[in-house]
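A look at the structure
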Amino acid sequence: MGLTIGWFESGVKRGWRGAMAGFMPVSIADVAKKARVSISTVSRVLNRRQLVNEKTRLRVEQAIRDLGYRPNAFARGLMLRRSEMIGLLLPDLHGEFYSEIIRGANAQARELGYNLVLSSARDGDDSHALLRAMQQRTLLDGVAVMVSELTDRIQEVLAGFALPLCVLDAEVDGSPHDSVVIDQRHGAVALMRHVTQRAGWRRIIFVGGHETNVDTIARLEAYLQVLAERDLPLVPGDVYHLDYQYDTAYALAAERVRSWAGPGHGVFAANDEMAAGIVAAATAAGVAVPQELAVVGFDDTRIARMTRPPLTTVRVPMAKMGARAVELLCQRIAEPQRPPTRISLQPELIARESCGAPGVRLRAQA
């Protein structure tokens, strides 16, 4: 019995050691031993292949495949002074607008061999302090940041930003950064000309975000430009500044929608979410859209197609903006001294039923 037990224990120990060996990570020393080279040679094959002759390189690569070796990403990053991680800082992570930017950025980052790290600075957060922390205590190789409000403090931080930087949707004076912007004014002018020329609007209420929001500023300027072009009056009190949220737009419209309604009257909401809230409030108040009050939005998120009637809006290439920002950022990491690049993306007018233009129907491709 003792012999049997001893054999069993010995077998268990051997089996346990063998099983554990299967879970032990393969080291660079194991690869060097199998390939009969030094550890430094394996390191050169992993990081600077051109410095190793072909015969030795092939032997090391075969050993890597045979052993299933995976380099330690942290150690490799320290040696190369790269983490292969990039940051994306957005004003918020909620909603389709931001999720589409993230989707495009993440796909491009993976394509280029980087991992994407997300963060946000919502209203009330100390966003300039967050930016300072990102460059002082980070392993990130670079950061793409969407700026919603260009305060003096934000501009100061970005102008002195030490990491490779790409700015989305804005440009910062005094900083040699890359940028990807949407031609907001072009899209808003096209929308305003459509509703004044095709739909016959004569009184237009503007509902935007905060007065200092860069998108709101551009869309309001387009609104004022086309009113002047068409010799239409700017009615006192017809410009409102909210927060781009459905609920606040609904609450405003619930109070004002009957006074807004009338022949040739319409609302230009600076995003689809607010436009949908205004349509819902009008419907609840018994004001027919677009017959008594037309409504348009901006961005062409899914809510524009789900609203009844479907929203006339401006399609913003959100995913493309995220992808191009990551592409520029990775180019900057690879070539720190190259001249700054600015990419301007064109939005597209999407005419649907909510604007009241004769003959407009829901677009087939939407």
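As shown above, the structure is provided for reference.
This one's a predicted model, so the numbers in the text were calculated from it and none came from an experiment. (Residues numbered from 1 in each chain as written. Predicted model: local features only at pLDDT ≥ 70, side-chain atom pairs only at ≥ 80, totals over all residues. Heavy atoms only, no water.)

Quick look at the pattern of salt bridges
- As enumerated under the stated definition, the model contains 15 salt bridges in all.
- A salt bridge links Glu61 to Arg57; the shortest N-O distance between them is 3.4 Å. In this pair, Glu61 and Arg57 are both assigned in helix H4 (residues 54–67), four residues apart and thus about one turn of the helix distant. Across the pair, exposure class does not vary: Glu61 and Arg57 are buried alike.
- Where Glu96 meets Arg302, a salt bridge forms, and the shortest distance between an N and an O atom there is 3.6 Å. Here Arg302 lies in helix H13 (residues 302–306) and Glu96 lies in helix H6 (residues 96–111), a separation of 206 residues in the sequence.
- Under the relative-accessibility criterion, Glu96 is labelled partly exposed at 23%.
- For Arg302, a relative accessible area of 52% puts it in the exposed group.
- Each of Asp300, Arg305, Arg315, Glu348 and Arg352 takes part in a single network of salt bridges with overlapping partners. (Salt bridge = Lys/Arg side-chain N within 4 Å of Asp/Glu carboxyl O. Helix = DSSP H or I, 4+ residues; strand = E, 2+ residues; numbered from the N terminus. Buried < 20%, exposed > 50% of the residue type's maximum accessible area, 1.4 Å probe, protein only.)

Considerations on the environment of Ala270
- Topologically, Ala270 is positioned in the loop between strand S8 (265–269) and helix H12 (272–284).
- Residues within four places of Ala270 in sequence aside, it is in contact with Phe206, Val207, Gly208, Arg219, Tyr244 and Phe298. (Contact = heavy atoms within 4.5 Å.)

What about the pairing of strand S5 (residues 178–182)?
- With five of its five residues buried, S5 lies for the most part within the structure.
- Both faces of S5 are covered, namely the face carrying Asp178, Val180 and Ile182 and the face carrying Ser179 and Val181.
- The pairing of S5 with strand S11 (residues 342–345) spans four bridges and is parallel. Within S11, the position partnered with Ile182 by the bridge is Leu345. (Pairing = 2+ DSSP bridges.)

Focus on the packing of helix H2 (residues 28–35) against H4
- The geometry of H2 relative to H4 is characterised by a closest axis approach of 9 Å and an angle of 125 degrees between their N-to-C directions. Here H2 lies oblique to H4, going by the angle between them. Here the hand of the crossing between H2 and H4 comes out right-handed. Where H2 abuts H4, its residues Asp30, Val31, Lys34 and Ala35 lie against Arg59, Val60, Ala63, Ile64, Asp66 and Leu67.
- Looking at the contact of H2 with H4 residue by residue, the classes come out as six nonpolar, no polar and four charged. (Axes fitted to C-alpha atoms, helices over the stretch in contact; angles between N-to-C directions. Parallel < 35°, antiparallel > 145°, perpendicular 65-115°, else oblique. Left-handed = near helix turned anticlockwise from the far one by under 90°. Nonpolar A, V, L, I, M, F, W, Y, C, P; charged D, E, K, R; others polar.)

Re a nonpolar patch on the surface
- Together, Leu224, Leu234 and Val239 make up an exposed nonpolar region whose accessible area comes to about 220 Å².
- Structurally, the position occupied by Leu224 is in helix H10 (residues 214–229).
- Judged by relative accessible area, which is 36%, Leu224 ranks as partly exposed. (Patch = residues over 30% accessible without salt bridge, like charges linked within 9 Å, V, L, I, M, F, W, Y side chains within 5 Å. Areas by Shrake-Rupley, 256 points an atom, 1.4 Å probe, with all protein chains shown as cover.)

Focus: the nonpolar core
- The biggest cluster of nonpolar side chains holds 76 residues, and the ones touching the most others in it are Ile86, Ile101, Val207, Trp260, Phe268, Ile278 and Met321.
- Residue contributions to this core peak at eight residues, all from helix H14 (residues 318–334).
- When sequence neighbours within four positions are dropped, the list of residues in contact with Ile101 reads Leu90, Met146, Leu168, Met318, Ala319, Met321 and Gly322.
- Formed by 13 residues, the second largest nonpolar core is a distinct cluster that contains Leu89, Val145, Leu165 and Ala170. (Core = buried A, V, L, I, M, F, W, Y, C linked by side-chain atoms within 4.5 Å.)

Regarding unusual backbone geometry
- The omega torsion of the bond from Val289 to Pro290 falls at 10 degrees, within 30 degrees of zero and hence cis.
- By secondary structure assignment, the location of Pro290 is in the loop between H12 and strand S9 (294–296).
- Look at the link from Arg308 to Pro309: it is a cis peptide, with omega at 0 degrees.
- As for its position among the elements, Pro309 is in the loop between H13 and strand S10 (313–315).
- The backbone of Asp231 sits at a positive phi, close to 55 degrees, despite the residue not being glycine.
- Looking at the element boundaries, Asp231 is found in the loop between H10 and strand S7 (239–241).
- Not every positive phi belongs to a glycine, and Asp300 is a case in point at roughly 60 degrees.
- Within the secondary structure, Asp300 sits in the loop between S9 and H13.
- Judged by its relative accessible area of 5%, Asp300 falls in the buried class.

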